[in-house]
Amino acid sequence: MLRFEPPVQILVRYAPEDAEIEGVPVPAGQAVLAMVGAANRDPARFADPDTFDPGRADAGSLSFGFGPHYCMGAALSRLEGQVAFPALLARFPKLALVEPSGGAPKPLILRGHDTLAVACHGG
């Protein structure tokens with residue numbers, strides 16, 4: 001799910017030393033925007049990247065960052081997902097969206113839902 005729609009779309013990092021990215025010089029200290037949302041939809045990395053498929057084999061993502069900027073809460077977030085989603089779906093096996101969550105413009109950097117209307121059939 002985090003690969004398909006990460007809550008953080010853009011990260012700011014600063015070049016620790018002079019570098020070059022795709023032929024563009026990046027001086028030390030220069031701010032660089034990392035487009036996490038775009039990287040998670042890169043067709044060179046993910047087959048059919050715009051399709052939500054929770055069972056896909058190539059499910060890795062950059063949603064928790066990488067290296068020294070790796071999210072400190074990643075382990076807790078994964079554990080919450082491993083516990084909460086199976087429990088929710090076991091309790092409400094026919095859980096379904098009442099209406100699409102789209103419509104309102106999506107924020108550029110941080111995303112989430114103010115509300116998400118669902119029907120909790122069964123259970």
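Preceding block: the structure.
The following refers to the structure shown.

Definitions and cut-offs
Residues numbered from 1 in each chain as written. Predicted model: local features only at pLDDT ≥ 70, side-chain atom pairs only at ≥ 80, totals over all residues. Heavy atoms only, no water. Helix = DSSP H or I, 4+ residues; strand = E, 2+ residues; numbered from the N terminus. Rg over C-alpha atoms; globule rule 2.2 N^0.38 Å. Buried < 20%, exposed > 50% of the residue type's maximum accessible area, 1.4 Å probe, protein only. Areas by Shrake-Rupley, 256 points an atom, 1.4 Å probe, with all protein chains shown as cover. Salt bridge = Lys/Arg side-chain N within 4 Å of Asp/Glu carboxyl O. Phe/Tyr/Trp six-rings, centres within 6.5 Å; stacked < 30°, edge-to-face > 60°. Lys NZ or Arg CZ within 6 Å of the ring centre and 35° of its normal. Contact = heavy atoms within 4.5 Å. 1 Å grid on protein atoms, 1.4 Å probe; cavity = no way out; pocket = protein on both sides within 12 Å on 5 of 7 lines; lining within 4 Å. Points joined across faces, edges and corners; volume = space filled by probe spheres on them. Nonpolar A, V, L, I, M, F, W, Y, C, P; charged D, E, K, R; others polar.

1. Topic: the overall build of the chain
Right, so step 1: Helix and strand counts for the chain come out as 2 helices and 6 strands.
Right, so step 2: In the chain, the order of α-helices and β-strands from amino to carboxyl end is β-β-β-β-α-α-β-β.
Right, so step 3: Radius of gyration (C-alpha) of the chain: 18 Å, far over the 14 Å computed for a compact globule of 123 residues.
Right, so step 4: Over its C-alpha atoms, taken along the principal directions, the chain stretches across nearly 60 × 30 × 30 Å.
Right, so step 5: Within the span of the chain, comprising 123 residues, buried residues form 15% of the whole.
Right, so step 6: Approximately 9,200 Å² of the chain is accessible, and the part contributed by carbon and sulfur atoms is 64%.

2. A word on the pattern of salt bridges
Right, so step 1: For the structure shown, the criterion picks out 3 salt bridges.
Right, so step 2: With a shortest N-O distance of 4.0 Å, glutamate 5 and arginine 41 are connected by a salt bridge. You can see glutamate 5 sitting in the segment before strand E1 (10–14) and its partner arginine 41 sitting in the loop between helix H1 (36–39) and helix H2 (74–91), a full 36 residues away along the chain.
Right, so step 3: On the accessibility criterion, glutamate 5 (28% relative accessible area) is partly exposed.
Right, so step 4: The class of arginine 41 is partly exposed, set by a relative accessible area of 23%.
Right, so step 5: Salt-bridge contacts for glutamate 5 lead to arginine 111; the nearest nitrogen and oxygen are separated by 2.7 Å. Linking glutamate 5 in the segment before E1 with arginine 111 in the loop between strand E5 (96–97) and strand E6 (118–119), this pair joins segments that are 106 residues apart in sequence.
Right, so step 6: Classification of arginine 111 by relative accessible area gives partly exposed; the value is 28%.

3. What to know about the packing of aromatic side chains
Right, so step 1: All told, the structure shown has 2 aromatic pairs when counted by the stated rule.
Right, so step 2: Geometry around phenylalanine 46 places arginine 3 over its ring, the cationic atom sitting 5.1 Å from the centre.
Right, so step 3: The lysine or arginine in question, arginine 41, covers the ring of phenylalanine 4, its NZ or CZ lying 4.1 Å from the ring centre.

4. Topic: the environment of glycine 29
Right, so step 1: Position of glycine 29 relative to the elements: it lies in the loop between strand E3 (24–26) and strand E4 (31–35).
Right, so step 2: In this view, glycine 29 contacts Tyr14 and Ala15; residues no more than four positions away in its chain are not counted.

5. With respect to the layout of surface pockets
Right, so step 1: For the largest pocket, the calculated volume is near 1,900 Å³.
Right, so step 2: Met1, Leu2, Glu5, Phe85 and His113 are, among the 46 residues lining the largest pocket, the residues nearest its centre.
Right, so step 3: Examining the composition of the lining of the largest pocket, we find that 9 residues originate from one element, H2, more than from any other.
Right, so step 4: What the second largest pocket holds in volume is close to 190 Å³.
Right, so step 5: Of all the secondary structure elements, the ones that give two or more residues to the lining of the second largest pocket are E1 and E4.
Right, so step 6: The residue inventory of the lining of the second largest pocket, partitioned by class, reads 6 nonpolar, 1 polar and 1 charged.

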